[in-house]
Amino acid sequence: MISVLWSGFSCVSALITLICALLIISKVSLLLTVLLVAVSLPSAILNQTYTKKLYQWNLTHVKEERQMNYLSFIMTDKKYAQELRLFNIGDFLKEKFKAIWGPYFAKKKKLTKKRAFLVTLLSVLPQLCILGILAVLSLRIMGGNNTIGDYSLYSGLLAQFLSSLMAALTSIINIYDQKLRIHSFEEFEAIPNAVANTGTEKLNEITSIEFNDVSFRYPGTEKEVLQHISFSVNAHEKVCLVGLNGAGKSTLIKLLLRFYDAESGNIRINGVDIKNYEIVSLRKAFSCLFQQSPNYAFTLRENITISDIFKNADENDVLEALYNSSASDILGQMADGLDSYLSRAYEENGTELSGGQHQKIALARTFFRNSSVLISGTPAAKRRFSRRTVCRTRLLPTKSSS
Ligand SMILES: Nc1ncnc2c1ncn2[C@@H]1O[C@H](COP(=O)(O)OP(=O)(O)OP(=O)(O)O)[C@@H](O)[C@H]1O
Ligand SMILES: [Mg+2]
């Protein structure tokens, strides 16, 4: 939006200069001045047409752009470095990148080349008109109707006209380009959220969770991942969901946290359908250690407190979370204590933790949240999850799994 405003101001300023220059130049030859304006317009129209074409072309090639970004990410991210070296797949990835980049670049080049050619061709027309105006002026000077001083005045004005024309065109193209982007963003914003946040009830303490005949398939897929699942968990119970890989254990948790809504059946907490709860308050009641917990390139303190940034916590809460996840020794190794950076990606003095240490920090994060229900999607946290109501995501075999 700021860019559009800025381009708008630049455009107005260029147009004012342009009109003033034209008014003075018209005294030399009105006909050539009108012609000058007329031949400047096709270039503007062409630029606008190609801006739209390029934008639409980009929209239809988002998949290739994403694939290339993904390959660049793999080739540069630390997470993949070990396998990249061990499997010696540098060239393999480069070839994959080239296979996408080659046809992508060839098509884009064709489009931009055509644009560059036409724009160059059309921009010659105003130059020819300027030559005509200068020729008329020279004849007048020779006829004694104008002075040499007039020549330098008008040639300066013509140069100013051209630069203002270019500035106005660039601003108009920029505004048009931004308008197209804003339109796409508005279309995106208008897509209704698959999970409607229409509930108003607040959820605090959880006393019971019930799954009643819940079935679910992921959007855009055929396979019914969960089929008629029913079970209940009451306060202070520790429940272990056991099932084959892909049976749907993690999916159950996603439904409970309303990352998706069940296709049929319902989930009730304290006897109330979870759709009646306000989503933030529903999620606040759960602390979940996901199977693939991320690590944050932040300080140790932030890596813990990020699970509940609004909690009015003091240092003891952070230390307690670390203690509960057996991570106190990690703190002992840190030069800057809780303010040590858990990555060297952006801080030279940061600390790189081991995989197991990272898991402990993720677990500490789960404890810090101090929610009504704790859920762990990883067996590693089993021993430490004994103090509260626990819901380990191991689902009993569903009809689909065995
Ligand atoms: N985002 C998704 N879109 C489509 N299908 C998915 C998605 N996530 C998972 N699935 C599919 O849903 C099924 C259940 O996956 P889920 O992650 O719930 O299994 P799980 O029981 O947690 O397995 P694991 O023990 O390996 O963690 C799998 O067949 C998986 O391929
Ligand atoms: Mg899982």
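Not measured: the values here are computed from a predicted model. (Residues numbered from 1 in each chain as written. Chains lettered and ligands numbered in written order. Predicted model: local features only at pLDDT ≥ 70, side-chain atom pairs only at ≥ 80, totals over all residues. Heavy atoms only, no water.)

Before going further, it helps to examine the coordination of the magnesium ion (ligand 2). Around the magnesium ion (ligand 2), the donor atoms from the protein are Ser250 (OG) and Gln291 (OE1), and they sit 2.0 to 2.2 Å away. Linking Ser250 in helix H7 (residues 249–256) with Gln291 in the loop between strand S6 (286–289) and helix H9 (300–305), this pair joins segments that are 41 residues apart in sequence. Accessibility expressed as a relative area gives 30% for Ser250, which makes it partly exposed. Residue class for Gln291 comes out exposed when judged on its relative accessible area of 56%. (Donors = N, O, S within 2.8 Å, 3.2 Å for Na, K, Ca; no water. Helix = DSSP H or I, 4+ residues; strand = E, 2+ residues; numbered from the N terminus. Buried < 20%, exposed > 50% of the residue type's maximum accessible area, 1.4 Å probe, protein only.)

Under the UniProt annotation, the feature "transmembrane region" (unreviewed entry) is placed at residues 5–25, 31–50, 116–137 and 157–176. This span, residues 31–50, is 100% helix and 0% strand, and a straight line between its end C-alpha atoms measures 30 Å. Between the end C-alpha atoms of residues 157–176 the distance is 28 Å, and the span holds 100% helix and 0% strand. (UniProt positions renumbered as here; feature names shortened; annotations may be inferred.)

A few words on a nonpolar patch on the surface. On the surface, a cluster of nonpolar side chains totalling about 440 Å² of accessible area is made up of Leu15, Ile19, Leu23, Ile24 and Leu153. Looking at the nonpolar patch element by element, the count peaks at 4 residues for helix H1 (residues 2–25). Along the chain, the position of Ile24 falls in helix H1. (Patch = residues over 30% accessible without salt bridge, like charges linked within 9 Å, V, L, I, M, F, W, Y side chains within 5 Å. Areas by Shrake-Rupley, 256 points an atom, 1.4 Å probe, with all protein chains shown as cover. Salt bridge = Lys/Arg side-chain N within 4 Å of Asp/Glu carboxyl O.)

Within the secondary structure, His61 is located in the loop between helix H2 (30–60) and helix H3 (62–76). Within polar-contact distance, the side chain of His61 engages the side chain of Thr60 at 3.1 Å. Residues contacting His61, with those up to four places away along its chain left out, are Tyr104 and Lys107. (Polar contact = N/O pair within 3.5 Å; in protein donor to acceptor, adjacent residues only side chain to side chain. Contact = heavy atoms within 4.5 Å.)

Pairing is antiparallel in the open sheet, where 4 strands are placed in the order S2-S1-S4-S5. Because the sheet does not close on itself, it has two edges, and the strands there are strand S2 (226–234) and strand S5 (272–273). With 2 bridges joining them, strand S4 (residues 264–269) and S5 adopt antiparallel strand pairing. Residue pairing for S5: Ile269 is matched across the bridge by Val272. The strands touched by H7 within the sheet are strand S1 (208–216), S2 and S4, with S1 carrying the most contacts at an inclination of about 115 degrees. (Pairing = 2+ DSSP bridges. Axes fitted to C-alpha atoms, helices over the stretch in contact; angles between N-to-C directions.)

According to the stated counting rule, one finds 9 aromatic pairs in the structure shown. Arranged with centres 6.0 Å apart and planes meeting at 75 degrees, the rings of Phe73 and Tyr80 form a pair that is edge-to-face. Judged by its relative accessible area of 27%, Tyr80 falls in the partly exposed class. Centre to centre, the rings of Phe211 and Phe231 are 4.7 Å apart; their planes meet at 10 degrees, and the pair counts as stacked. Of the two residues, Phe211 sits in strand S1 while Phe231 sits in strand S2, which places them 20 residues apart along the sequence. Given the relative accessible area of 2%, Phe211 is considered buried. Ring pairs connect the aromatic residues Phe216, Tyr218 and Tyr260, which therefore count as one cluster. Residue placement shows Lys53 over the ring face of Tyr50; its charged tip is 4.8 Å from the ring centre. (Phe/Tyr/Trp six-rings, centres within 6.5 Å; stacked < 30°, edge-to-face > 60°. Lys NZ or Arg CZ within 6 Å of the ring centre and 35° of its normal.)

We now examine H7. An α-helical turn contains 3.6 residues, so a residue and the one three or four places further along point in the same direction. Most of H7 is tucked away: 6 of the 8 residues are buried. Taken together, the buried residues of H7 touch S1, S2, S4, helix H8 (279–284), S6 and strand S7 (373–376). One or two residues past the end of H7 sits Arg258, with phi positive at roughly 55 degrees.

Looking now at the nonpolar core. Counting residues in each nonpolar core, the largest one holds 30 residues, and the members touching the most others are Ile206, Ile209, Leu256, Ile269 and Phe286. Of all the elements in the fold, those that place two or more residues in this core are S1, S2, H7, S4, S6 and S7. Leaving out residues up to four positions away in the same chain, Ile209 has contacts with Phe231, Ser232, Val233, Leu256, Arg268, Ile269, Phe286 and Val373. (Core = buried A, V, L, I, M, F, W, Y, C linked by side-chain atoms within 4.5 Å.)

This paragraph deals with unusual backbone geometry. The backbone of Asn88 sits at a positive phi, close to 55 degrees, despite the residue not being glycine. You can see Asn88 is positioned in the loop between helix H4 (78–86) and helix H5 (90–142). Asn88 gets classed as exposed once you look at its relative accessible area, which sits at 66%. The backbone phi angle of Ser326 is positive, close to 60 degrees, even though this residue is not glycine. Tracing the backbone shows Ser326 in the loop between helix H10 (315–324) and helix H11 (328–332).

Packed helices, taken two at a time, are described by the angle their axes make and the gap between the axes. Between H2 and H3, the shortest axis-to-axis distance is 4 Å and the interhelical angle comes to 60 degrees. The angle between H2 and H3 places the two elements in the oblique class. Along its contact with H2, which presents Asn58, Leu59 and Thr60, the element H3 presents Val62, Glu64 and Glu65. Its residues assigned to classes, the contact of H2 with H3 comprises 2 nonpolar, 2 polar and 2 charged. (Parallel < 35°, antiparallel > 145°, perpendicular 65-115°, else oblique. Nonpolar A, V, L, I, M, F, W, Y, C, P; charged D, E, K, R; others polar.)

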